[in-house]
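# Fold and contact review
The chain contents come next:
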Amino acid sequence: MLLIKGGLIVTAERRFDADILCDDAGRIARIGADLEAPTGCTVIDASGLLVMPGGIDPHTHMEMPFMGTTASDDFFTGTAAGLAGGTTSIIDFVIPDQGQSLFDAWRAWRGKAEKAASDYGFHVAVTHWDEQVHDDMGRLVREGGVNSFKHFMAYKNALMIDDTVFLRSMQRARELGALCTVHAENGDAIAFLQAQLLAKGETGPSSHPLSRPAAIEGEAAQRAITLAELDDTPLYDDTPLYIVHVSTEEATQAIAAARLKGLKVYGEVLPQHLVFDDSVYHDSDWLQAARHVMSPPFRPKAHQKALWGGLISGQLQTTATDHCCFCQDQKMRGRDDFTKIPNGVPGIEERMSVLWHHGVVSGRLSAEEFVAITSTNTARIFNLYPRKGCIAPGADADLVLWDPSASRTITAGALHQNVDYTLYEGMTLTGLAVKTISQGVVVWDEGTLRAERGKGRYIRRPALGRGRPLWQKV
Ligand SMILES: NC(=O)NCCC(=O)O
Ligand SMILES: [Zn+2]
Ligand SMILES: [Zn+2]
């Protein structure tokens, strides 16, 4: 048992002084003033600290095979790094091989993730359409604890689907009470622009953002919303669409406009898009520029204002990292052709601090809003709440003890991610995880990581209740 005494509890709704008793099953047993420590119970003094729900990162790619290589953080190293940064759960992506059944791919990913140190779940990507996909989606929802499917409108000749496949998948997902998530960029337009840039000899990383302009994301986000709207009956429809890694003003506005019409469209923001702009691609050091190659790319600064506005207003609800690590030798695969630089950047360990510093310390967000966008909103959207994202008796004892005013300067050597750089090198951030508690156990303790291989559990996420009026939902 674990008793956390004297902290200030912060949830998405309120803050209050209370102690928290965690039981041996890894759940919160009691919350109250001056709780007595049962015999044999470990007591933690949290005075001066905030006690918040552990972060949930709904967008990671651990050991993902991609662009001819495999992301360098595996399910153990990546989730352990997350714990060091205050993140206690992830939702990763199952990406089936060409022609592979979704259910077989999910089983294979379950195997890879057995080494995870923190709890995890899966979105499953739909990358083609046939009867087997239709049936597997049903099986995954009914038997597999999957309630979200991923769609790529980009990565032509690899993961990209056309609108017909997207519509079929949306229709099926709605029958099943599952949520459609989407990477919204126009893959045809990107392939066209990439070919033109290469033909002109523009082979360096600075061509990456030129091949993926903001309008291409805006168009795809609006198209995804339009497709979702074709079959929309808002009263009965829990969750039509979740747009991952929104990086532009155009996509933010499309989401806000859809929400004003009553559509349940959600948007996710990555901290790196809030902090860095497209000047990163003009670094005279090729590797430094290549390290920032991810999709969607970093944008001209003006877009950051729109993303912050989206989070502040609630039009964008969640933050994730899209944690997808590639080391120097992997990035070098694109030395002579920017389209071959593996797309992806690290960030699971830094996310909470970056958002506290740039969101809360800067005065943009309250501590409660921080909890909402790092944990609670994700738990609600993906049907993990109130097990996760919540501080209440019965909830999982996944907590972070947060020092709101401690500062440190980020450097890759001090982080735990299995990658040779951090985007935030040299950035001084205020706000850090002093202790992280996962399943009622202290796994990150003032600089000491006690992550345990295989301790993470697969978290089943029930269907979202499509077909029942909202007021009948339990
Ligand atoms: N984001 C990125 O560049 N790599 C991971 C795959 C994806 O999410 O698009
Ligand atoms: Zn993506
Ligand atoms: Zn991703």
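Residues numbered from 1 in each chain as written. Chains lettered and ligands numbered in written order. Predicted model: local features only at pLDDT ≥ 70, side-chain atom pairs only at ≥ 80, totals over all residues. Heavy atoms only, no water.

This is how the line gets drawn: UniProt positions are given in the numbering used here, feature names are shortened, and annotations may be inferred rather than shown by experiment.
Looking at an unreviewed UniProt entry, one finds the protein chain named Dihydropyrimidinase, with Asaia spathodeae as its source organism. What UniProt records for the protein chain under Cofactor (unreviewed entry) is the sentence "Zn(2+)". The protein chain has a UniProt comment under Sequence similarities (unreviewed entry) that states "Belongs to the metallo-dependent hydrolases superfamily. Hydantoinase/dihydropyrimidinase family."

### A closer look at the pattern of salt bridges
Where charged atoms from two side chains of opposite charge approach closely, those side chains can pair. The criterion, for reference: Salt-bridge detection follows one rule: a side-chain nitrogen of Lys or Arg within 4 Å of a carboxyl oxygen of Asp or Glu. Going along the chain from the N terminus, every DSSP run of H or I of four or more residues is numbered as a helix, and every run of E of two or more is numbered as a strand. The rule is simple: take the accessible area with a 1.4 Å probe, protein chains only, and divide by the maximum for that residue type; under 20% is buried, over 50% is exposed, in between is partly exposed.
Using the criterion set out here, one finds 25 salt bridges in the structure. Between Glu13 and Arg380 there is a salt bridge; the shortest N-O distance is 2.9 Å. Taken together, the residues Glu13 in the loop between β2 (8-10) and β3 (15-17) and Arg380 in helix α14 (residues 367-381) connect sequence positions 367 residues apart. In this structure, the salt-bridge partner of Arg387 is Asp396, at a minimum N-O distance of 2.8 Å. By relative accessible area, Arg387 is classed as partly exposed at 34%. In the salt-bridge network here, residues are joined through shared partners; they are Asp119, Arg387, Lys388, Asp396, Asp398 and Arg457.

### Quick look at the packing of helix α4 (residues 163-176) against helix α7 (residues 214-230)
Helices that pack against each other are described as a pair by the angle of their axes relative to one another and the distance between those axes. The cut-off we apply is this: Every axis corresponds to a line fitted to the C-alpha atoms, with the helix fit spanning only the stretch in contact, and the corresponding angles, defined between N-to-C directions, vary from 0 to 180 degrees. Roughly parallel means an angle under 35 degrees; roughly antiparallel, over 145; roughly perpendicular, 65 to 115; everything else is oblique. In this scheme the crossing of two helices becomes right-handed for a clockwise turn of the near helix relative to the far one and left-handed for an anticlockwise turn of less than a right angle. Residues count as neighbours in contact if any of their non-hydrogen atoms are within 4.5 Å of one another.
Look at α4 against α7: their axes get within 10 Å of each other, and the N-to-C directions meet at 50°. The pairing of α4 with α7 is recorded here as oblique in orientation. As α4 packs across α7, the resulting crossing turns out to be right-handed. Where α4 abuts α7, its residues Asp163, Phe166, Leu167, Met170 and Arg174 lie against Arg223, Ala224, Leu227, Ala228 and Leu230.

### Description of the sheet that holds strand β6 (residues 42-45)
To be explicit about the condition: Two strands make a pair as long as DSSP finds a minimum of two bridges between them.
If you trace the four strands from one edge of the open sheet to the other, you get β5-β4-β1-β6, paired in mixed fashion. Two strands bound the open sheet, and with one partner strand each, they are β5 (28-32) and β6. When the angles between neighbouring strand axes are averaged without regard to direction, this sheet yields 15°.

### A look at the coordination of the zinc ion (ligand 2)
This is how the line gets drawn: Sites may look incomplete because water is not among the atoms; the donors themselves are N, O and S atoms within 2.8 Å of the metal, or within 3.2 Å for Na, K and Ca. Each label reflects the angles at the metal, where four donors whose angles all fall between 85 and 135 degrees are tetrahedral, four or six donors whose opposite pairs open beyond 155 degrees and whose other angles stay between 65 and 115 are square planar or octahedral respectively, and the rest are irregular.
Distances from the zinc ion (ligand 2) to its protein donors, His183 (ND1) and His245 (NE2), fall within 2.1 Å. Here the zinc ion (ligand 2) is ringed by four donor atoms whose angles at the metal span 56 to 148°, and the overall shape comes out irregular. Here the zinc ion (ligand 3) and the zinc ion (ligand 2) are spaced 3.7 Å from one another. With His183 in strand β14 (residues 179-183) and His245 in the loop between β15 (241-243) and α8 (249-260), this residue pair connects regions lying 62 residues apart in the sequence. You'll find His183 and His245 in the same group, each marked buried.

### Description of the environment of Leu50
In this structure, Leu50 sits in strand β7 (residues 50-53). With 317 residues separating them along the chain, Leu50 and Ala367 place their C-alpha atoms 9.3 Å apart. Non-local contacts of Leu50, meaning those with residues more than four positions away in its chain, are made with Leu8, Val10, Trp356, Val400, Leu401, Trp402 and Pro404.

### Quick look at the packing of helix α13 (residues 351-361) against α14
Our working definition: Following the grouping adopted for this structure description, the nonpolar residues are Ala, Val, Leu, Ile, Met, Phe, Trp, Tyr, Cys and Pro, the charged ones are Asp, Glu, Lys and Arg, and the polar ones are all others, Gly among them.
Where α13 meets α14, the axes come as close as 11 Å, and the angle between the chain directions of the two elements is 140°. For the element pair α13 and α14, the recorded crossing hand is right-handed. Across the interface between the two elements, Arg351, Met352, Leu355, Trp356 and Val360 from α13 touch Ala367, Phe370, Ile373 and Thr374 from α14. When grouped by side-chain class, the residues that make up the contact of α13 with α14 number seven nonpolar, one polar and one charged.

### Description of the environment of Leu159
Its location among the elements puts Leu159 in the loop between β13 (148-152) and α4. Separated by 32 residues in the primary sequence, Leu159 and Thr127 have C-alpha atoms spaced 5.6 Å apart. Excluding residues that lie within four positions of it along the chain, Leu159 makes contacts with Met64, Phe66, Ile95, Thr127, Phe152 and Ala154.

### What to know about the coordination of the zinc ion (ligand 3)
Donor atoms from the polypeptide that bind the zinc ion (ligand 3) are His59 (NE2), His61 (NE2) and Asp322 (OD), placed at 1.9 to 2.2 Å. Around the zinc ion (ligand 3), the four donor atoms are arranged such that angles at the metal cover 86 to 135°; this shape is classified as tetrahedral. All donors of the zinc ion (ligand 3) come from a single chain, and their spacing in sequence reads H-x1-H-x260-D.

### Section: the side chain of Lys435
Using the following cut-off: Pairing of N or O atoms within 3.5 Å defines a polar contact, subject to two protein rules: one partner must be a possible hydrogen donor and the other a possible acceptor, and residues neighboring in sequence count only if both atoms are side-chain atoms.
Looking at the element boundaries, Lys435 is found in strand β19 (residues 428-438). Here the side chain of Lys435 touches Glu446 through a polar contact of 3.4 Å, side chain to side chain. In contact with Lys435, other than residues within four places in its own chain, are Ile44, Leu399, Val400, Leu401, Val442, Trp444, Asp445 and Glu446.

### Description of the pairing of strand β11 (residues 87-94)
Applied cut-off: Classification remark: right-handed applies to a crossover when, strands pointing away from the viewer, the course from the first strand over the helix to the second runs clockwise.
Burial analysis of β11 places eight of its eight residues in the buried class, which makes it a mostly covered element. Two strands pair when backbone bridges link them, and strand β8 (residues 55-60) and β11 are joined in this way by four bridges, in the parallel orientation. Each bridged residue has a counterpart across the sheet, and for Asp57 the counterpart in β11 is Ile90. Taken together, the six bridges between β11 and strand β12 (residues 119-125) define a ladder with parallel strand orientation. Counted as the bridge partner of Asp92 is Phe122 from β12. As for the winding sense of the linkage, the β-α-β connection from β11 through helix α2 (residues 102-112) to β12 is right-handed.

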